[in-house]
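# Structural overview for review
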Amino acid sequence: MTTEVKNLKGNAATRSKVQQQVVNSLQKRHRQEKLFRGAGVAAVSISILLVVLLFVNIFSKGLPAFWQHAIKLDIYFDPAVVKIAEKPVQQAGESDNEFRQRDLEWRSAVGMINFNRLIVDGLQKVIPDANEHRRDLQRIVTSGERFAIRDLVIKDPSIIGSTQSLFLLTDANIDVWLKGNIDRSLGDAQQQLSPKVREWVESLKAQGVIQNRFSFALFMNPDSRSSLASAGLAGAFMGSLYMMLVVIVLAIPMGVAAAIYLEEFAPKNKLTDLVEVNINNLAAVPSIVFGLLGASIFIGWFNLPMSAPVVGGLVLTLMTLPTVIIATRSTLKAIPPSIRQAALGLGASKSQAVFHHVLPLAIPGILTGSIIGVAQALGESAPLLLIGMKSFVASIPSSAMEQSTALPVQIYLWQGNELRNFFEARTSAAIIVLLALMLSLNSLAIWLRKRYEVRW
Amino acid sequence: MSESTVLNDAAKVKMTARDVKVFYGTNQAIHGIDMDIMENEVIAFIGPSGCGKSTFLRCLNRMNDTIDICRVTGQIALDGQDIYHPSLDVVQLRAQVGMVFQKPNPFPKSIYDNIAYGPKLHGLASKKSDLDDVVESSLRRAGLWEEVKDRLNQPGTGLSGGQQQRLCIARTIAVSPEVILMDEPCSALDPIATSIIEELIAELKQNFTIVIVTHNMQQAARVSDRTAFFHLGNLIELGVTNDVFTNPTQKRTEDYITGRYG
Ligand SMILES: Nc1ncnc2c1ncn2[C@@H]1O[C@H](COP(=O)(O)OP(=O)(O)OP(=O)(O)O)[C@@H](O)[C@H]1O
Ligand SMILES: [Mg+2]
């Protein structure tokens, strides 16, 4: 009896000693935990802060570029200036080719007309002392607008003889001046605008003839170097769009098919191991290398045109393929093998098990992986530089075989433009457009995942 | 021997295995097993973990084919026909020899679709009404109909573990197999769900030949007609269940049953 009591006592003593040790170590553990949590919170806060800074910076710079100064002019389509023949219509018995030839001739005849005369005439109506400063008068409306007027005539020749009230974009330097993006205290020698032009635009703005309006030019026009104020994203946007189409049509089906084959059907041997290693390596290859590859294969061997979205799309396909394969494979790996066994056990063939049961479960993951791959491709610029998509293209491509550039490359090109004051904002605006596209792609991915996941 | 006391002499052999050896790569898991499985009997496989029960079971419907490194030699026949013969279609074999797995694995589809999948796959029911009948009768035979008849369109994965396992059994019997292989079908279930499934097995015996792997000796004793004891890839003893448990002929069987190892 007594010994037992003693033992119990001894136990209690050792127990409390153990407890004390536990308590001591507990304090240390809590400290470590706190430290770790603190570090985590700090890391997250810093990254959020950086993202916020980035967005604030880009939006504060870029948003003003969505509005641009335009001047409201009454343009008289003077028949004495706009002297053209009837717009040709296709005659009975005339071949398509003949008609196209006549139409082209007519268009180039229209192109020869001095539409600038109409603009100068319009300006004279709003600027009283215009005639004493003919040179300055030329600086107000950006040069690209004469082509906009030409296109109005081509579209509808019946406006000849009428007066149209039109908003014409002002020169980029005027936009910069009126937005206050240039130091007004600089001397005349350092100013891009002559004192007379500055005086005019100030007073026209005060009268409401010059207004800061939403800039459709940014979205509707291709890039321009002769008329900076009309430079737009449409060309680059279409280029990117064509490339995305190529990537979606090629990379996703090919990548998903390859992943399904490798994951579900291919025998596990040295060869497939080698393929697997190479796919992983491919995903780690710097994107610019794909550009080199594309330049030598698609342009060098297959003689595809330089600077064409189809080549860009093929290069981006090469780059996206490993991403899609890896994402699809990891999705397939995550599908429990019990589902495959259940199907096989019921007498489904291997491909039936895959296509009836595994693939439907994998679809959300495959879609997410694919869309993220496409979004990555959308933002890629390095490989495109090597296949000539960085050249200046002043037209909107109407097919994937025509020269064009891409949104990220356009950002790079604008970033390098000499008219910094104007293009800093435009560059940020282009970044906003690109980010918006990315965000919508990523939201699409999230939506698709959610949408298919609710089917338990 | 005393087998005739339980199995009448007229009992037909359903499956035969002769000198079956199984290799995983270079590692031999089964060392030459001979076995006859009778029609409409319940035969239980027992033995310590890793002795090859599941491996041998999977040979009986060639589920081992899905394991790349697995190689099977010897002969296994169903109704006298070699199931490893090149001309035999494994899809047809698996329709004849169904399988219920250790962990309930319903498809993440509705209860209805879980049952209907097999019959649709094999073209057993062409009309919707036929399919409805198959679904109902399968669920009834698995003792699940009353519990799920109002929620056939709800996901099979939303059922309890025991219900899921009965759903898997119903799914298997929906394709009218002749043999049902069960690999520890109750190991993930509580005692009540287990006893429900045991009753079910006793009932299914009238129509199917059942091979069941179990770690639960009482279960083997309760549900099976004959019991096979495996050890280290060998079939040590095969006999009428009662004999194996009360009067084992082999020392190793006795040691295992009395809990000396395993
Ligand atoms: N897929 C596999 N790949 C390689 N070896 C395997 C594989 N499956 C089983 N084995 C090996 O084969 C032997 C038999 O395994 P098996 O799964 O048949 O045992 P078991 O009797 O079912 O065991 P348990 O009672 O634990 O389920 C084991 O040594 C195991 O390691
Ligand atoms: Mg097992």
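Residues numbered from 1 in each chain as written. Chains lettered and ligands numbered in written order. Predicted model: local features only at pLDDT ≥ 70, side-chain atom pairs only at ≥ 80, totals over all residues. Heavy atoms only, no water.

### Let's talk about the domain arrangement of chain A
All names here are of chain A. In terms of domains, chain A is made up of domain 1 (2-63), domain 2 (65-222) and domain 3 (234-452). Relative to domain 3, the C-alpha centre of domain 2 lies at a distance of 41 Å. Across the contact surface, domain 2 and domain 3 share 0 salt bridges. At the junction of domain 2 and domain 3, the tally comes to 2 residue pairs in polar contact (both at pLDDT 80 or more). When contributions to the side of domain 2 that touches domain 3 are tallied by element, the ones reaching two or more residues are α6 (172-178) and α8 (217-220). (Domains from an automatic or database assignment. Salt bridge = Lys/Arg side-chain N within 4 Å of Asp/Glu carboxyl O. Polar contact = N/O pair within 3.5 Å; in protein donor to acceptor, adjacent residues only side chain to side chain. Helix = DSSP H or I, 4+ residues; strand = E, 2+ residues; numbered from the N terminus.)

### Structural notes on the layout of surface pockets
Residue and element names in this part refer to chain A. Considered as a void within the structure, the largest pocket measures approximately 800 Å³ in volume. Along the wall of the largest pocket there are 32 residues; nearest its centre are E145, A148, L169, A217 and N221. Of all the elements, helix α5 (residues 145-155) adds the most residues to the lining of the largest pocket, at 7 residues. Its residues placed into classes, the lining of the largest pocket shows 17 nonpolar, 9 polar and 6 charged. Each of domain 2 (65-222) and domain 3 (234-452) gives at least three residues to the lining of the largest pocket. (1 Å grid on protein atoms, 1.4 Å probe; cavity = no way out; pocket = protein on both sides within 12 Å on 5 of 7 lines; lining within 4 Å. Points joined across faces, edges and corners; volume = space filled by probe spheres on them. Nonpolar A, V, L, I, M, F, W, Y, C, P; charged D, E, K, R; others polar.)

### Thoughts on the UniProt feature "domain: ABC transmembrane type-1" (unreviewed entry) in chain A
Cross-referencing UniProt, the feature "domain: ABC transmembrane type-1" (unreviewed entry) maps to residues 237-443 of chain A in the present numbering. For residues 237-443 of chain A, the end-to-end C-alpha separation is 20 Å, with 78% helix and 0% strand making up the annotated structure. (UniProt positions renumbered as here; feature names shortened; annotations may be inferred.)

### Thoughts on unusual backbone geometry
Residue and element names in this part refer to chain B. Of note in this structure, D19 is not a glycine but carries a positive phi near 50°. In this fold, D19 is placed in strand β1 (residues 13-24). With a relative accessible area of 41%, D19 lands in the partly exposed category. Phi is positive for R62, close to 60°, though the residue is something other than glycine. Note that R62 resides in the loop between α1 (53-59) and β4 (70-78). (Buried < 20%, exposed > 50% of the residue type's maximum accessible area, 1.4 Å probe, protein only.)

### Quick look at empty space enclosed by the protein
Residue and element names in this part refer to chain A. Throughout the structure, instances matching the rule amount to 3 cavities of 30 Å³ or more. Size it by volume and the largest cavity reaches roughly 60 Å³. Taken together, P64, A65, D175, K179, N181, N421, F422, A425 and R426 form the lining of the largest cavity. Here the lining of the largest cavity gets 4 residues from one element, more than from any other, and that element is helix α17 (residues 420-453). Among the residues making up the lining of the largest cavity, the classes are represented as 4 nonpolar, 2 polar and 3 charged.

### A few points about the site of ligand 1
All names here are of chain B. Around ligand 1 sit 14 residues, and of these S49, K53, S54, T55 and H215 come closest. At 3.3 Å, a backbone N or O of C51 approaches an oxygen atom of ligand 1. Across the shell around ligand 1, the residue classes tally to 5 nonpolar, 6 polar and 3 charged. (Near = heavy atom within 4 Å.)

### Quick notes on the confidence of the model for chain B
Taken over all residues, the pLDDT of chain B has a mean of 90, while the share at 70 or more is 95%. Contacts of residues 1-8 of chain B to residues separated by more than four positions or lying in other chains number 11 contacts, the stretch itself having pLDDT below 50. (pLDDT = per-residue confidence, 0-100. Contact = heavy atoms within 4.5 Å.)

### Brief notes about the sheet that holds strand β1 (residues 67-76) of chain A
Residues and elements named next belong to chain A. Across the sheet, 3 strands lie side by side as β2-β1-β3; this open sheet has antiparallel pairing. Lying at the two open borders of the sheet, with one neighbouring strand each, are β2 (163-169) and β3 (210-214). For this sheet the average axis-to-axis angle between neighbouring strands, irrespective of direction, equals 40°. For β1 and β2, the ladder comprises 7 bridges, and the chain directions are antiparallel. Residue A70 lies in a different strand from β2, and its bridge partner there is L169. Here helix α3 (residues 115-126) sits on the sheet and contacts β1 and β2; the angle it forms with β1, its principal contact strand, is near 95°. (Pairing = 2+ DSSP bridges. Axes fitted to C-alpha atoms, helices over the stretch in contact; angles between N-to-C directions.)

### Structural notes on the packing of aromatic side chains
Scanning the model with the defined rule gives 13 aromatic pairs over all chains in all. Ring centres of F229 of chain B and Y256 of chain B lie 5.1 Å apart, and the angle between their planes is 35°; on these two criteria the pair is classed as tilted. Linking F229 of chain B in strand β9 (residues 226-231) with Y256 of chain B in helix α10 (residues 251-257), this pair joins segments that are 27 residues apart in sequence. Side by side, F229 of chain B and Y256 of chain B carry an identical accessibility label, which is buried. An aromatic cluster is present here, built from F66, W67, F214, F216 and F219 of chain A joined pairwise through their rings. (Phe/Tyr/Trp six-rings, centres within 6.5 Å; stacked < 30°, edge-to-face > 60°.)

### Things to note about the UniProt feature "transmembrane region" (unreviewed entry) in chain A
Residue and element names in this part refer to chain A. Under the feature "transmembrane region" (unreviewed entry), the UniProt entry names residues 35-59, 241-262, 282-304, 310-332, 353-378 and 429-448. Taken end to end, residues 310-332 is 100% helix and 0% strand, and its two terminal C-alpha atoms sit 31 Å from one another. As annotated, residues 429-448 comprises 100% helix and 0% strand, and the C-alpha atoms at either end are separated by 28 Å.

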